[in-house]
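# Observations on the model geometry
For reference, the chains in residue letters:
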2 protein chains.
Amino acid sequence: MANENIPSSGDGPSKNALKKAQKAAEKAAKKAEHKAQNAAAREDLYGNLPMNRSQEKRPVTHVPLKDIGRNLSNQTVTVRARLHTSRGKGKQVFFILRSQASTVQCVLCVGEKVSKQMVKFVCNITKESIIDVEGKLCFYSIYTGSVYISVQFYEKKVIFKCVDQIVATDQKVESCSIQDVELHATKVFVVSASLPRLPLQIEDAMRPEDDDPEGLQIKVNQDTRLDNRILDLRTPTNQAIFRLEGGVCHLFREALRAQNFVEVMTPKLISAASEGGANVFGMRYFDKDAFLAQSPQLYKQMAIAGDFGKVFTIGPVFRAENSNTHRHLTEFVGLDLEMAFTHHYHEALNTIGNMFTEIFRGLRDNYADEIAAVNKQFPAEPFKFLDPPLILEYREGVAMLKEAGIEMEETEDLSTPNEKFLGRLVKAKYDTDFYILDKFPLAVRPFYTMPDPNDPKWSNSYDMFMRGEEILSGAQRIHDADFLVERAKAHNIPIHTIQSYIDSFKYGCPPHAGGGIGLERVTMLYLGLDNIRKSSMFPRDPKRLTP
Amino acid sequence: MANENIPSSGDGPSKNALKKAQKAAEKAAKKAEHKAQNAAAREDLYGNLPMNRSQEKRPVTHVPLKDIGRNLSNQTVTVRARLHTSRGKGKQVFFILRSQASTVQCVLCVGEKVSKQMVKFVCNITKESIIDVEGKLCFYSIYTGSVYISVQFYEKKVIFKCVDQIVATDQKVESCSIQDVELHATKVFVVSASLPRLPLQIEDAMRPEDDDPEGLQIKVNQDTRLDNRILDLRTPTNQAIFRLEGGVCHLFREALRAQNFVEVMTPKLISAASEGGANVFGMRYFDKDAFLAQSPQLYKQMAIAGDFGKVFTIGPVFRAENSNTHRHLTEFVGLDLEMAFTHHYHEALNTIGNMFTEIFRGLRDNYADEIAAVNKQFPAEPFKFLDPPLILEYREGVAMLKEAGIEMEETEDLSTPNEKFLGRLVKAKYDTDFYILDKFPLAVRPFYTMPDPNDPKWSNSYDMFMRGEEILSGAQRIHDADFLVERAKAHNIPIHTIQSYIDSFKYGCPPHAGGGIGLERVTMLYLGLDNIRKSSMFPRDPKRLTP
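Values in this document were obtained by computation on a predicted structure and should not be read as measured data.

### As for the overall build of chain A
Scanning chain A from N- to C-terminus turns up 14 helices and 19 strands. Considering chain A as a whole, with its 547 residues, one finds that 54% of them fall into the buried category.

### A word on the pairing of strand S16 (residues 434–438) of chain A
Residue and element names in this part refer to chain A. S16 sits mainly inside the fold: five of its five residues count as buried. Along S16, one buried face is formed by Phe434, Ile436 and Asp438 and the opposite face, lined by Tyr435 and Leu437, is buried too. Bridge count between S16 and strand S17 (residues 461–466): five bridges; the pairing is antiparallel. Residue pairing for S17: Ile436 is matched across the bridge by Met464.

### Digging into the state of the cysteines
Scanning the model with the defined rule gives zero disulfides over all chains in all. Take Cys138 of chain B: it sits in no disulfide, and the sulfur closest to it among the cysteines is that of Cys109 of chain B, at 11 Å. In this structure Cys249 of chain B is a free cysteine whose sulfur lies 13 Å from that of Cys249 of chain A, the closest cysteine sulfur available. The buried category is assigned to Cys249 of chain B, whose relative accessible area is 1%.

### Comments concerning unusual backbone geometry
Leave glycine aside and you will find that most residues have negative phi; peptide bonds, for their part, are mostly trans. Residues and elements named next belong to chain A. With an omega of 0°, the peptide bond running from Asp387 to Pro388 counts as cis. Inspection of the secondary structure assignment puts Pro388 in the loop between helix H9 (368–377) and strand S15 (390–393). A cis amide bond links Thr546 to the next residue, Pro547, at an omega of -5°. Among the structural elements, Pro547 can be located in the segment after helix H14 (519–526). Even without a glycine there, the phi angle at Lys439 is positive, about 65°. In this structure, Lys439 sits in the loop between S16 and S17. On the basis of relative accessible area, Lys439 is assigned to the buried category, the value being 12%.

### Looking at the sheet that holds S15 of chain A
Spatially, eight strands are ordered S9-S13-S14-S19-S18-S17-S16-S15 (chain A) in an open sheet, and the strand pairing comes out mixed. Each edge of the sheet is formed by a strand with only one pairing partner; in this case those strands are strand S9 (262–263) and S15 of chain A.

### Quick notes on the relation of the copies chain B and chain A
After a rotation of 180° and a shift along the axis of 0.0 Å, chain B superposes on chain A with an RMSD of 0.2 Å. The transformation relating the two chain copies, once decomposed into turn and shift, fits a two-fold axis. Among all C-alpha atoms of chain B, that of Met283 of chain B lies closest to the rotation axis, at 2.4 Å. A high fraction, 99%, of the interface residues of chain B reappear at the interface in chain A, so the copies pair face to face through one surface.

### Comments concerning the nonpolar core
The nonpolar side chains of a soluble globular protein tend to be buried, and buried together. Membership of the largest hydrophobic core comes to 92 residues, with the highest contact counts inside it found for Phe252, Phe356 and Phe434 of chain B. Per-element accounting of this core gives the leading share, ten residues, to helix H6 (residues 236–257) of chain B. Setting aside its immediate chain neighbours within four residues, Phe356 of chain B contacts Phe434, Met464, Ile471, Leu472, Ile517 and Val522 of chain B. Grouped together as the second largest cluster of nonpolar side chains are 91 residues, Leu233, Ala373 and Leu472 of chain A together with Val311 of chain B included.

### What to know about H14 of chain A
Residues and elements named next belong to chain A. Among the eight residues in H14, eight count as buried, and that is most of the element. The complete set of buried residues in H14 reads Leu519, Glu520, Arg521, Val522, Thr523, Met524, Leu525 and Tyr526. A positive phi of about 70° marks Gly528, the residue just after H14.

### Quick look at helix H9 (residues 368–377) of chain B
Residue and element names in this part refer to chain B. Along H9, the residues that are buried comprise Glu370, Ile371, Val374 and Gln377. Seen from one end, H9 has its buried residues packed into an arc of 125°, which puts them on one side. Seen from the open side of H9, the exposed residues pointing more than 90 degrees away from its buried face are Asp369 and Lys376. Considering only its buried residues, H9 is in contact with helix H3 (202–205), helix H4 (222–227), H6, helix H8 (346–366) and helix H14 (519–527).

### Looking at the domain arrangement of chain A
Domain annotation for chain A reports domain 1 (65–192) and domain 2 (236–535). Averaged C-alpha coordinates put domain 1 of chain A and domain 2 of chain A at centres separated by 52 Å.

### Looking at the sheet that holds strand S15 (residues 390–393) of chain B
All names here are of chain B. Spatially, S9-S13-S14-S19-S18-S17-S16-S15 is the arrangement adopted by the eight strands of the open sheet, whose pairing is mixed. Looking at the sheet topology across the chains shown, the edges are occupied by strand S9 (262–263) and S15. As judged from the nine bridges shared by strand S13 (residues 310–318) and strand S14 (residues 331–340), these two strands associate in the antiparallel manner. Residue pairing across strands places Thr313 opposite Asp336, the latter belonging to S14.

### Details of the side chain of Arg207 of chain B
Residues and elements named next belong to chain B. Assignment of secondary structure puts Arg207 in the loop between H3 and H4. The exposure class of Arg207 is buried, given its relative accessible area of 15%. Leaving out residues up to four positions away in the same chain, Arg207 has contacts with Gln217, Ile218 and Gln377.

### A closer look at the packing of H6 of chain B against H8 of chain B
Residues and elements named next belong to chain B. It is the contact of H6 with H8, at a shortest axis distance of 9 Å, that shows an interaxial angle of 135°. Accordingly, the angle class assigned to the pair H6 and H8 is oblique. The crossing of H6 and H8 is right-handed. Contacts between H6 and H8 pair Leu244, Gly247, Val248, Leu251, Phe252, Ala255 and Leu256 from the former with Met355, Glu358, Ile359, Gly362 and Leu363 from the latter.

### Considerations on the interface of chain B and chain A
Interfaces are frequently sized by the accessible area removed from exposure as the parts join. If you look at the interface, chain B gives 112 residues, while chain A gives 111 residues. Counting each side, the surface lost to burial between chain B and chain A is near 9400 Å², with a carbon and sulfur contribution of 61%. Arg82 of chain B serves as the salt-bridge partner of Asp307 of chain A, at 2.7 Å between the closest nitrogen and oxygen. Sorting elements by how many residues they give to the side of chain B that touches chain A places H6 of chain B first, with ten residues. For the side of chain B that touches chain A, the per-class residue count stands at 53 nonpolar, 28 polar and 31 charged.

### Quick look at the packing of aromatic side chains
All told, the structure shown has 44 aromatic pairs over all chains when counted by the stated rule. Measuring from centroid to centroid gives 5.6 Å for Phe360 of chain A and Phe385 of chain A, while their planes differ by 45°, and the two rings are tilted. Here Phe385 of chain A lies in the loop between H9 and S15 and Phe360 of chain A lies in helix H8 (residues 346–366), a separation of 25 residues in the sequence. Centroid distance Tyr46 of chain B to Phe121 of chain B: 5.1 Å. Interplanar angle 45°. Geometry classified as tilted. Here Tyr46 of chain B is found in strand S1 (residues 46–48), whereas its partner Phe121 of chain B is found in helix H2 (residues 116–123), with 75 residues between them in sequence. A single burial state applies to Tyr46 of chain B and to Phe121 of chain B, both of which are buried. Each member of the aromatic cluster is reached from another via a ring pair, and the members are Phe356, Phe360, Phe383, Phe385, Phe434 and Tyr526 of chain A. When the ring centre of Phe378 of chain A is taken as reference, the NZ or CZ atom of Lys534 of chain A above it lies at 4.9 Å.

### Things to note about the pattern of salt bridges
Tallied over the full model, the rule gives 74 salt bridges over all chains. Members of the salt-bridge network, linked through shared partners, are Arg82, Arg98, Glu128 and Arg234 of chain A together with Asp307 of chain B.

What counts, and where the lines are drawn
Within any chain, residue numbers begin from 1 and follow the written order of that chain's sequence. Each chain is given a letter, starting from A, and each ligand a number, starting from 1, according to the order in which they appear as written. Two thresholds apply to this predicted model, a pLDDT of at least 70 for residue-level local features and 80 or more for giving and counting side-chain atom pairs, whereas whole-chain, interface and lining totals are computed over all residues. Where side-chain values are given, they derive from all heavy atoms of the structure, hydrogens and water being excluded. Note on conventions: DSSP H or I runs of at least 4 residues are helices, E runs of at least 2 residues are strands, and numbering of each starts at the N terminus. Summary of the burial criterion: residues with accessible area below 20% of their type's maximum are buried, those above 50% are exposed, and those between are partly exposed, where the area comes from a 1.4 Å probe applied to protein chains only. Whether two strands pair depends on DSSP finding at least two bridges between them. Any cysteine sulfur atom paired with another within 2.5 Å is treated as part of a disulfide. Fitting of the copies onto one another was done by least squares over C-alpha atoms, counting residues only where both copies have pLDDT of at least 70. Residues are treated as being in contact if the distance between any of their heavy atoms lies within 4.5 Å. Residue types Ala, Val, Leu, Ile, Met, Phe, Trp, Tyr and Cys, when buried and joined through side-chain atoms within 4.5 Å, form a set referred to as a nonpolar core. Taking the helix axis as origin, the arc is that swept by the directions to the C-beta atoms. Residue ranges assigned to each domain were obtained from an automatic or database domain assignment. Here an angle of 0 to 180 degrees is reported between the N-to-C directions of two axes, which are lines fitted to C-alpha atoms, with helices fitted over the stretch in contact. Any angle that is under 35 degrees is reported as roughly parallel, and any over 145 degrees as roughly antiparallel; angles of 65 to 115 degrees are reported as roughly perpendicular and all others as oblique. A crossing counts as left-handed when the near helix is turned anticlockwise from the far one by less than a right angle, and as right-handed when that turn is clockwise. Once two parts are put together, the accessible area they lose, assessed with a 1.4 Å probe and summed over both, is termed the buried area. Whenever a carboxyl oxygen of Asp or Glu lies within 4 Å of a side-chain nitrogen of Lys or Arg, that contact is scored as a salt bridge. Put simply, Ala, Val, Leu, Ile, Met, Phe, Trp, Tyr, Cys and Pro go in the nonpolar bin, Asp, Glu, Lys and Arg in the charged bin, and everything else, Gly too, in the polar bin. We call Phe, Tyr and Trp rings a pair once their centres come within 6.5 Å, taking the six-membered ring for Trp, and we label the pair stacked below 30 degrees between planes, edge-to-face above 60, and tilted otherwise. Either the NZ atom of lysine or the CZ atom of arginine qualifies as a charge over a ring when it sits within 6 Å of the ring centre and within 35 degrees of the ring normal.

Below is the structure:
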């Protein structure tokens, strides 16, 4: 008999049984359809993208997060960013996207196109994963809850759909850098997933210093940060610090290029310790011994003897100094310059001073966002400077210290505490965080420093200070070979160890002066940070050689 | 008796004897006066200045030699420059002043204000001494000799003075860079004297390569140049080479800054050999072992994993490679960049290609004088490039080589001769000195290179070439930790040696690509120089660690 499975008529099934069966069939059909819809949705609307191996060349239409604002409201955009935080709430998930210094709030709600599965998928994306989100930018709105409304008939049955009830407001998203708009997500794809367990939480690492008066919240200590630097670098603060540090280099170069300085490159592998034998890293170099340059000074001076007139160079400087302080690194970046002058080393001193003014002005004017971002975590007074910069003679500085009760000799070197104290006195008296101390005592300077022409107690040398800490040391250098020998002997330096240095001045050399600046110190002090490890992307100290 | 020495009258002296005595007295008086005049002159008009110890602060009114031209003719100027050459000719001395790339002819003649002694003094100034010269800028004139003319009466006697007979002409001073005018010196002071014996003559060091078909003139070999680099650097050629090299750095940075790249600084002291154990310099670091970074790659990639998006860095790169070739150095300057991309690594490849176009355009437009100066000594064809740059696939390059008779496998690495030959083929076919070779065989690239998505034979990697030599190597890097482990294993690299590198990609990392450029190679090849030691100010190779 055909159709055995179809109930025959006659003493057939009851109407109820028939209805039941119909309902079951309907349900199964709906379920299958739903599944199919979701499968399609998964592919179209969310999911894990395959590893990017450049499978497809397409125009880049992603909008950088930093460009998002009120101007794009009501537009549908795609952004790529990290999942900063997320919070599932029933049929919705609120999440914050972070890209460099920018954060934006996103919402995804179960609705016409968004399945429960999609919300669940997004809820399960691990923090710090990189995701692509497509959505509509809307003025920030308040969700007053979601309601089910009838939206369509399915074979004469009313189907209810969950719809979010949104009320647009003037409120701002206080927790995000983008405060005017939020992103109503419609598609979410994972580009690169993070492990779920993070060695540090970005939220902890970016928490303001003064946000936790009772010490209840988690702090991330410096070593944990540095051990996991790729995570730590992602905080808006670090994004800002290192952008500003790149800016210091740029402003340094631009100020000097405008004065016809030439950029030169100097070797780091050298055959003799450049600043005497102490604190130098040694190594084997094929069949010879070599050292790592403690400064580019000899080479800058050779560039002057080689007629480049005014030179600068930016590069690593190595100091095998077992100092574990807040301001010492074993490898740091030197911003060095040297220039021939015509009559007086103050031509160089003023060039350097004015260069600093231009750096400070450039940072203030072009890096205001970065400064604000850093201040949010590490509050500091704005950096003050005078134009032209303040120049004090060493003896004036000592007099100020003496007047303030410090006991010291006129030609005694400045101790670190006295240096800082003098910075405070100068700030109080002149209202500047930058000043130049000129004419240091000859005895506390290196042998190649030009003595004062009138008084052998003093020298044509100077330091420059930011917030009371030395960031540049410089001088007129001795450009006469015979006098250099005389001064080296006075310092008990064996002449044969510096013979090639001396020889550089035997074939005519213009009088010249210069200085070396520690980049990380400038960044640290400009921003008022408390540790040089905060302004070195991958700091090196006696205990740290990684990452 | 008084006045014993004065002849008494009476049988007094003859009229002749009296005349004689009078003449002798006159002569003595004149001589004394002359001496006094000269002494005054020596102080005012010529002499050795005391060593500059910044005795006096004065406005700088010296005119830079490069600013001298027809526009200043008939004006009295003071310049500071080196004595390049001098030639005494009786009562005149012709000398050439040199300052950086500029040279100007000077003349000093015995005359109204100029004594014989002064001319002699100038004749004796050693070459390469730095001197201050005051004089009047005149159109280039021909000296038709000097004549004595009567200019004044001295106690009724006619005094003859030597005056130079000058005829202004339209001729140019062919031997100098400043050809329109010459300086008629009136004051000459030595600022810094050179030793008389120079280890090399600047004239020899700057002689054009093709100026001596019969090999009669003295050449200065490379080692002598480098041993005496401060002298060698003074040639107009070297002045130009290193100014242009500074320009390459500037243009590199400006092109990338315009694309929102961030400048970062990466450490050179590292705890593990960055590119495998070979060719790395090792050293002691306090109680640990350390190495010198063979590239900043890991750190650039960490900056990407740390969300900087697009980064560049300029710094020294160390290779303990015992290669003594025209293009290898043990320490060179790396221009490195790395960028996250959205869909395809060609976003990075095109960014880099366009950056090179901007560098080449900038050099051509802004460094024409420097290029001309170098070409004068080392003639080379102008550097040609296409905009946008030519991109060939590796297999296309191999096909061109095969077509030209080279036998090689499709996925075989390019040998240096084949690389150069391909450069010539590309030049002949496309008329460009710069091109990009894309999609290298996977087997010849490092483990972290992203394989092609469709064919495991190829990879998403590229080299870029100038005049047929590689100047950049780059690739899409693997940004997925698991896949990186898989590829490292395929290369038999022990995972524990690169664990921290792998860990960098565990917390979400955008797909990214980049490359590293050898600065000295770019300079060398752009200018068509034959040796990388010509474009490194203080080159380091297995045999050279000085100066």
